[in-house]
Amino acid sequence: MPGTPYAVNDVMTRTVVAVHGGAEFKDIVRTMRRWRVSALPVLDSDNRVIGVVSEADLLPKEEYRVRDQDPDPWPAARRPPDLAKADAVTAQKLMTSPAVTVGEDITLVRAARTMAHAKVKRLPVVDGEGVLKGIVSRSDLLRVFLRSDEDIADDVRREIATHLMAVPVQPIGVEVRDGVVTLTGRVRDTTLLPLVTRLVRAVEGVVDVHCALEGPLRRPNLDPDLPGSVGM
């Protein structure tokens, strides 16, 4: 719907490569290599996401492969979780759990914040029961910046018309070039300009906002010596 913030459902990848908890180590590696991914959701028998297995979860197998001959006698004392993963052979033992997931209807802003907070590159998308529905990656979240300048301009005009109908004293010009919005024209109340800028900046795909809006023209004071005379 025009004017509605984009949700994860609008940009996520719906065909997802995943493994079940019983998948063995070499099968996981083969799957990652075949599909050129660095992480896989791990599912239970009802296709609910129970974790994520990534390349980082698999690397301890190589790191500690020859630990009996390692000159450092204390690696296990320093990183017991890694040592446990080095001995694991199934996805359920290797995975990071619980998985950080998102719902289909959350906004891209919330998804981006979740991704940044969890320090992950992608998020499994689940329904209310935790069943896998898709996956959203960093590149998916950036797809809104591929919107055409024309579409962005239409949304900007809609936001201005909806929230500031009584404010302009002349039509507000909206120009968009490579996602950068320039606003020109005059409004009755310049105290609303920060609000206008925030509304426009929130439109999906906007890269930056140049607000050149001005207040109404003031009439010159033709007789400044007349008592009580002020410019209009």
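Up top is the structure these notes are about.
Residues numbered from 1 in each chain as written. Predicted model: local features only at pLDDT ≥ 70, side-chain atom pairs only at ≥ 80, totals over all residues. Heavy atoms only, no water.

1. Section: the packing of aromatic side chains
To describe a pair of aromatic rings, you give the distance between the ring centres and the angle between the ring planes.
Now for step 1: Under the criterion given, the structure shown has zero aromatic pairs.
Now for step 2: Its guanidinium or amino end placed over the ring of F25, K61 lies 5.3 Å from that ring's centre, counting from NZ or CZ. (Phe/Tyr/Trp six-rings, centres within 6.5 Å; stacked < 30°, edge-to-face > 60°. Lys NZ or Arg CZ within 6 Å of the ring centre and 35° of its normal.)

2. Focus: helix α2 (residues 25-35)
Helical geometry: 3.6 residues make up each α-helical turn, so side chains three or four residues apart lie on a common side.
Now for step 1: Of the positions making up α2, those classed as buried are F25, I28, T31 and M32. An end-on view of α2 places all buried positions within 130° of arc, on one side of the element. When the buried face of α2 is taken as reference, the exposed residues oriented beyond 90 degrees from it are K26, R30, R33 and R34.
Now for step 2: At its buried positions, α2 is contacted by β2 (39-43), β3 (49-54), α3 (55-63) and α6 (91-94). (Buried < 20%, exposed > 50% of the residue type's maximum accessible area, 1.4 Å probe, protein only. Helix = DSSP H or I, 4+ residues; strand = E, 2+ residues; numbered from the N terminus. Arc of directions from axis to C-beta. Contact = heavy atoms within 4.5 Å.)

3. Comments concerning the sheet that holds strand β7 (residues 173-177)
Now for step 1: Strand order across the open sheet formed by three strands is β7-β8-β9, with mixed pairing between neighbours. What marks the edges here is a single partner per strand, and that holds for β7 and β9 (208-214). For this sheet, the mean inter-axis angle between neighbouring strands, taken without regard to orientation, is 10°.
Now for step 2: With seven bridges joining them, strand β8 (residues 180-186) and β9 adopt parallel strand pairing. Residue pairing in the sheet places T184 in a bridge with A212 of β9.
Now for step 3: Contacts from helix α10 (residues 193-201) reach β8 and β9, with the element oriented near 150° to β9. (Pairing = 2+ DSSP bridges. Axes fitted to C-alpha atoms, helices over the stretch in contact; angles between N-to-C directions.)

4. A look at the sheet that holds strand β4 (residues 102-103)
Now for step 1: The three strands lie next to each other as β4-β5-β6, forming an open sheet whose pairing is mixed. Edge strands, defined here as strands with exactly one partner in the open sheet, are β4 and β6 (132-137).
Now for step 2: Sheet strands touched by helix α7 (residues 108-118): β4, β5 (122-126) and β6. Its angle to β5, the strand with the most contacts, is close to 125°.

5. Remarks on the nonpolar core
Now for step 1: I152, V156, V174, V181, L183, V200 and L213 are the most contacted members of the largest nonpolar core, which totals 17 residues.
Now for step 2: Of all the elements in the fold, those that place two or more residues in this core are α9 (149-163), β7, β8, α10 and β9.
Now for step 3: In terms of residue count, the dominant contributor to this core is α9 (four residues).
Now for step 4: Setting aside residues up to four positions removed in sequence, V181 forms contacts with I152, V156, V174, E175, V176, V200, V206, D208, V209 and H210. (Core = buried A, V, L, I, M, F, W, Y, C linked by side-chain atoms within 4.5 Å.)

6. Let's talk about the pairing of β6
Now for step 1: Across the six residues that make up β6, a large majority, five, are buried.
Now for step 2: Bridge analysis of β5 against β6 gives five bridges, and the strand direction is antiparallel. Looking at β6, one finds that V125 is bridged to G134.
Now for step 3: Hairpin connection between β5 and β6: a loop of five residues separates the two successive antiparallel strands, and G130 in this loop has a positive phi of roughly 85°.

7. Describing the pattern of salt bridges
Now for step 1: Overall, the coordinates contain ten salt bridges when judged by the stated rule.
Now for step 2: Here R30 ties to D27 by a salt bridge, and the two come within 3.0 Å at their closest N and O atoms. Taken together, the positions of R30 and D27, both in helix α2 and three residues apart, correspond to about one turn of that helix.
Now for step 3: With its nearest N and O atoms 3.2 Å apart, the salt bridge here joins D44 to R48.
Now for step 4: Owing to a relative accessible area of 19%, D44 belongs among the buried residues under this scheme. (Salt bridge = Lys/Arg side-chain N within 4 Å of Asp/Glu carboxyl O.)

8. Quick notes on unusual backbone geometry
Now for step 1: Residues S97 and P98 are joined by a peptide bond in cis, for which omega reads 0°.
Now for step 2: Note that P98 resides in the loop between α6 and β4.
Now for step 3: Its identity is not glycine, yet N47 carries a phi of approximately 65°, on the positive side.
Now for step 4: When you line up the elements, N47 lands in the loop between β2 and β3.
Now for step 5: Its relative accessible area of 35% is what places N47 among the partly exposed residues.

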